[in-house]
Amino acid sequence: QVQLDESGGGLVQPGGSLRLSCAASGAIRRISAMGWYRQPPGKQRELVATITDGGYTNYADSVQGRFTISRDNAKNMVYLQMNSLKPDDAAVYYCKASVVVTTSPIRRDYWGQGTQVTVSS
């Protein structure tokens, strides 16, 4: 019913920048929180940043001051601007959205398929 499509990943040198985008589509009535998570190789998935529909943001300590999450409610999109990238930031980045669909009053979480970010010289 709902699809999340991420884009913007790739290879970047340490100190570089990338901007991830995630577009939500489908039978969407309302999206509350949206966020980015990442899963480094051999590790568990972890929170990177979240943003409410009102614009309240939350960041992992490891990215505070380097990453910025934003969203466009009219387009059902969320973005992650990543600056000063470090090798430790390398991971598969996943978009998540908490969605109420048009056919049910129950809110549930949806995930994208992930986009690879590689930080290497």
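With that settled, the discussion passes to the pairing of strand 10 (residues 107-111). Pairing of strand 9 (residues 91-101) with strand 10, which is carried by five bridges, proceeds in the antiparallel orientation. Counterpart to A97 in the pairing with strand 10 is Y110. Here strand 9 folds back onto strand 10, and the loop between the two strands holds five residues.

We now examine the environment of V92. Inspection of the secondary structure puts V92 in strand 9. A C-alpha to C-alpha distance of 8.6 Å links V92 and G9, two positions 83 residues apart in sequence. Other than its neighbours up to four places away in sequence, V92 contacts Y37, R38, Q39, G114, T115 and Q116.

The full count for this structure, using the stated rule, is five salt bridges. Of the charged contacts in the structure, one is a salt bridge between R38 and E46, with a shortest N-O distance of 2.7 Å. Residue classification places R38 among the buried positions, given a relative accessible area of 4%. Taking the shortest distance from any N to any O, the salt bridge between R38 and D89 comes out at 3.0 Å. Pair noted here: R38 is in strand 4 (residues 28-39) and D89 is in the loop between strand 8 (77-82) and strand 9, with a separation of 51 residues, a long-range link. Both residues of the pair, R38 and D89, count as buried.

This paragraph deals with the nonpolar core. Counting 32 residues, the largest nonpolar core has W36, L80, M82 and Y93 as the members making the most contacts within it. Those elements giving two or more residues to this core turn out to be strand 1 (2-7), strand 3 (18-26), strand 4, strand 5 (46-51), strand 7 (67-72), strand 8, strand 9 and strand 11 (115-119). With six residues, the single largest contributor to this core is strand 9. Apart from the residues within four sequence positions on either side, M82 is in contact with G16, S17, L18, L20, R66, F67, Y93 and V117.

Calculation rules
Residues numbered from 1 in each chain as written. Predicted model: local features only at pLDDT ≥ 70, side-chain atom pairs only at ≥ 80, totals over all residues. Heavy atoms only, no water. Pairing = 2+ DSSP bridges. Helix = DSSP H or I, 4+ residues; strand = E, 2+ residues; numbered from the N terminus. Contact = heavy atoms within 4.5 Å. Salt bridge = Lys/Arg side-chain N within 4 Å of Asp/Glu carboxyl O. Buried < 20%, exposed > 50% of the residue type's maximum accessible area, 1.4 Å probe, protein only. Core = buried A, V, L, I, M, F, W, Y, C linked by side-chain atoms within 4.5 Å.

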